[in-house]
Amino acid sequence: MGDAASLRLETDLSYPQYDKMLFCLSMIPETSIRFEFEVDGKIYKHDEVFWGTGSRLEICIPAPKGHICAIYMIISTKYKFEQMLSLSWFGLQNSSLVKQLQTSIQKYDSSWTGLIKPLDNWEDIHFQVGLLFNETDLEKLREKRLYPGWSDHYRYLEEKATIYMNRHPEADLTAFLPTDDRRYIRESENDRTPYHFEALVLGFVGIINDDKQMMQHALRYLMSMLHTENWVQSAEQKLTGSTWSTRCFMEEMTTTSVVLLADWYAFALTDRAKDLVRQCIWDKGLAIIDRDMMKHDYMHRINQGAWFCRAGILGGLYLENAWPHMGRYVNAKFGTMNKILKRYIMRDGGVDEGIGYFCMTAQAVIPALVAYARSRGKSTHRIINRYFKKADNYLSTLSSFEPGKGSVDGDCRTENFCGDIVPVLAGLFPGSICNDILHQCIQNRSIYNVTGSLINSGGLIGFVYGPDKIKVSKPIVSTFNIMPKSGFAVSARKSGTHSLRILFSGSKPNPSSHAHYDKGAFTVEADGTDVFVDRGMLQYDDPRALLAKCSRMHNVITPYLPNGSYPDQNLPEKRVCPKGSGNEQQVELTLDLAEVWKEYMSSYQRHIISDSVEKIIITDHGTLKKRGRVAFHLHSGVKFDLDAYKAVGTVNSMTFEVTAKWADEILHFEDSLSFDGRALHHLVFHSKELETFSIETTISVKRDSQPTIQMI
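This next bit is on the sheet that holds strand β7 (residues 86–93). One open sheet holds the three strands; their spatial order is β5-β2-β7, and the pairing between them is antiparallel. One side of each edge strand has no neighbouring strand; the edge strands of this open sheet are β5 (56–62) and β7. Within this sheet the neighbouring strands show an average axis-to-axis angle of 15 degrees, counted without direction. Where strand β2 (residues 20–26) meets β7, seven bridges bridge the pair, whose relative direction is antiparallel. By the bridge assignment for β7, Cys 24 is matched with Trp 89.

Per the counting criterion, the structure on display carries 34 aromatic pairs. With 5.7 Å between their ring centres and 35 degrees between their planes, Tyr 265 and Phe 267 make a pair best called tilted. Overall, the relative accessible area of 0% leaves Tyr 265 in the buried class. Arranged with centres 4.7 Å apart and planes meeting at 45 degrees, the rings of Phe 358 and Tyr 394 form a pair that is tilted.

Overall, antiparallel pairing links the four strands, which are arranged β1-β6-β3-β4 in an open sheet. Where the open sheet ends on each side, the last strands, each with one partner, are β1 (3–13) and β4 (42–51). Strand-to-strand twist in this sheet, taken as the mean axis angle between neighbours without regard to direction, amounts to 20 degrees. Relative to strand β6 (residues 68–77), strand β3 (residues 31–39) runs antiparallel, the two sharing nine bridges. Directly across from Ser 32, in β6, lies its bridge partner Ser 76.

With that settled, consider the layout of surface pockets. Here the second largest pocket defines a volume of roughly 590 Å³. Around the second largest pocket, the lining is made up of 24 residues, and of these Leu 341, Lys 342, Arg 343, Ile 345 and Met 346 lie nearest the centre. If you list the elements that add at least two residues to the lining of the second largest pocket, you get α9 (326–344) and α11 (380–388). Considering only residue class, the lining of the second largest pocket consists of ten nonpolar, four polar and ten charged.

Once that is clear, we can look at the packing of helix α4 (residues 196–209) against helix α6 (residues 249–264). Contact geometry for α4 and α6: axes closest at 9 Å, N-to-C directions at 15 degrees. As the angle between them shows, α4 and α6 are arranged roughly parallel. Taken as a pair, α4 and α6 cross one another with a handedness that is left-handed. On α6, the residues that touch His 196, Phe 197, Ala 199, Leu 200, Gly 203, Phe 204 and Ile 207 of α4 are Met 250, Met 253, Thr 254, Ser 257, Leu 260, Leu 261 and Trp 264.

The end-to-end C-alpha distance of helix α5 (residues 212–226) is 21 Å, a good match for the 21 Å that 15 residues give at a rise of 1.5 Å each. Listed in full, the buried residues belonging to α5 are Met 214, Met 215, His 217, Ala 218, Leu 219, Arg 220, Tyr 221, Leu 222, Met 223, Ser 224, Met 225 and Leu 226. Buried residues in α5 make contact with α3 (150–164), α4, α6 and α7 (271–295). The distance from a side-chain oxygen at the start of α5 to the backbone nitrogen of Gln 213 is 3.1 Å, and the residue carrying that oxygen is Asp 211.

The subject of this paragraph is the confidence of the model for the protein chain. Taken over all residues, the pLDDT of the protein chain has a mean of 94, while the share at 70 or more is 99%. Below a pLDDT of 50 lies the segment residues 707–712, which in the model reaches 17 contacts outside its immediate sequence neighbourhood of four places, other chains included.

Attention now moves to the side chain of Ser 457. By the element assignment, Ser 457 lies in the loop between α15 (446–449) and α16 (461–465). Look at Ser 457 and you get buried, because its relative accessible area is 12%. Here Leu 454 takes part through its backbone oxygen, which lies 2.6 Å from a polar atom of the side chain of Ser 457. The residues contacting Ser 457, other than those within four sequence positions of it, are Phe 197, Gln 363, Asp 420, Tyr 448 and Val 450.

Attention now moves to the environment of Ser 581. On the secondary structure map, Ser 581 appears in strand β14 (residues 579–582). Remark: the alpha-carbon pair of Ser 581 and Cys 441, spanning 140 residues in sequence, is separated by 31 Å.

With a phi angle near 65 degrees, Asp 191 is a residue other than glycine that sits in the positive phi range. Mapped onto the secondary structure, Asp 191 falls in the loop between α3 and α4. Of note in this structure, Arg 247 is not a glycine but carries a positive phi near 70 degrees. As for its position among the elements, Arg 247 is in the loop between α5 and α6. What makes Arg 247 partly exposed here is its relative accessible area of 23%.

Given a rise of 1.5 Å per residue, 25 residues ought to cover 36 Å, and the 35 Å separating the end C-alpha atoms of α7 matches this to within 8%. The sharpest bend along α7 comes to roughly 35 degrees, located at Leu 286.

On to the pairing of strand β9 (residues 488–495). Of all eight residues making up β9, six are buried, and the element is well covered by its neighbours. Relative to β9, strand β8 (residues 480–482) runs antiparallel, the two being bridged by three bridges. Within β9, the residue paired with Asn 481 across the bridge is Val 490. Taken together, β8 and the strand that follows it, β9, pair antiparallel across an intervening segment of five residues, in which Gly 487 is found at a positive phi of about 95 degrees. As judged from the eight bridges shared by β9 and strand β10 (residues 498–505), these two strands associate in the antiparallel manner. Across the sheet, Ala 492 pairs through a bridge with Arg 501, a residue of β10. Two successive antiparallel strands, β9 and β10, enclose a turn made up of two residues, where Gly 496 displays a positive phi of approximately 65 degrees.

Criteria and cut-off values
- Residues numbered from 1 in each chain as written.
- Predicted model: local features only at pLDDT ≥ 70, side-chain atom pairs only at ≥ 80, totals over all residues.
- Heavy atoms only, no water.
- Pairing = 2+ DSSP bridges.
- Helix = DSSP H or I, 4+ residues; strand = E, 2+ residues; numbered from the N terminus.
- Axes fitted to C-alpha atoms, helices over the stretch in contact; angles between N-to-C directions.
- Phe/Tyr/Trp six-rings, centres within 6.5 Å; stacked < 30°, edge-to-face > 60°.
- Buried < 20%, exposed > 50% of the residue type's maximum accessible area, 1.4 Å probe, protein only.
- 1 Å grid on protein atoms, 1.4 Å probe; cavity = no way out; pocket = protein on both sides within 12 Å on 5 of 7 lines; lining within 4 Å.
- Points joined across faces, edges and corners; volume = space filled by probe spheres on them.
- Nonpolar A, V, L, I, M, F, W, Y, C, P; charged D, E, K, R; others polar.
- Parallel < 35°, antiparallel > 145°, perpendicular 65-115°, else oblique.
- Left-handed = near helix turned anticlockwise from the far one by under 90°.
- Contact = heavy atoms within 4.5 Å.
- Expected span 1.5 Å × (residues − 1).
- Polar contact = N/O pair within 3.5 Å; in protein donor to acceptor, adjacent residues only side chain to side chain.
- pLDDT = per-residue confidence, 0-100.
- Bend = angle between axes of the 7 residues up to and from the residue.

As structure tokens, this is what we get:
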């Protein structure tokens, strides 16, 4: 292992009162860093070597004495391919002063006298607004706790609420909100979960169960949020003179939580507390959200803008009766959400980001849509249908044969349909296929878990609006479908007890920033086993996350450059959508990919043909702009043995053989770069040098007579 890179930072530091130097960075465990300093014209070496952790870390070392005019970071790695190291910041520390500040932190009284009414003074339960439901609905919801299917889900919510009862929210009350998103917080602040969603689970279960102790604890969470000075996660966004911003995620989620709790618990809050709620909603929440919405145009083209409108609608509706001009604000926010959702959700019902972002976006907007409909006397059914009337088309295309499970194509960190969209669509639309996966989604806890920044926020509004009766789950995958706007095509066929599903990925024009360079990629599921896979996306605090977007990390063809690298596709400016036909016996698909390879190829098409559940033929035709080589990439959880132009692997009584007679060599790599951290195998088939290519790759499967997996 040798030095891979070095970075020189020119400085002008001469502050003897600071005794420590801090570096905040992210790097993979196979990478190390050491430091040297130019001090008073001489080089001072710090001998200690620091290894990456796979996440954000802080390195604290003694600050050299004297005038520091340069800092050198020398980076070494055992990793074979290019990677990213992220230096967030570096600084000086006065360790004695830090200790003094830490011991001076104010402690808060958990009774919150003057803000939370004494228990003996609580009135009968009544809501401030009734944003999502009202006190008159509580009796019905208490009955629903016992319904088959829902009883299991509600017990799970109760278990979570019981866990949250053990937390003392005031212990985490500082100038900044607690969070377990490690991208933007100090190392000393790790392992502190956010207030917002824990508070809502406590508040929801407490008020339905009429559990006074739990209700009081939810109110302590509310007070802790209100008394957090800044609704951001760290000082990095509030340093004097800094314009650094991670955008308004924390402000939005905290505003939503504060608003709903204040709505539900109007009977337990003093007038002073309600006034404080209103002030915080605007000063710490909506004002910052509005700033970011005005500042970042891209938010109006992807899911984030619609999500951030949620707090504006809910917060505005809470303020509407107290502040005379908020009605216009709410209507404007709904208009903005409407425009963004119409751009984000394609006319075929899909999005270009995969099931994770689709479900997470729905998780954010559904409460706002429900609250707006209720406040304006509109039909909740009609307003949800406006945006999600073709959701079944998307869900069935991205679905696995296993009910409730989907493909992780498109920046996903979950393979399950998740969040409240499943129960809400099932409840409002009895004919929706969400009724066919709801039971399984309750069983695997994906209704509650959701994904991404909205993790552990689901299952509340879904419980309220979900159907009373829950059906036994069954597969929802389409036999054949092409989504002409969002760019996906699926073929899912059965032959006796055997099955084969192929998902083929294209794209809308100018896809979102979450899009991967994966156009023309395919995934294969056989007899319920994912064989050739999409890696999904890692947690964003993982320094390898951006690698998951690369073309070579998907089942695509790439150029193989003389320096040994595989370049990425460009994002398409025109629609790239599969064409073809299919039925229960066969499928034939074609995708023109010249648009995404226009820097390297003058033409390129990929064809996929399969006339049985035993064979897939992939043919790639194209012309390179400059004579060279191409590489065919395949990713699998199955280990393959290499033999000349073949790769053979066995899993679950099935033997897969990948035949590429055109290949000049086959390479094999193994890593754990995947959404669930499992080991994956990367096969690379290299061509000989060529200019025009027409190469055929065959994937065949042979099954034992007694398969281990049977599909129902």
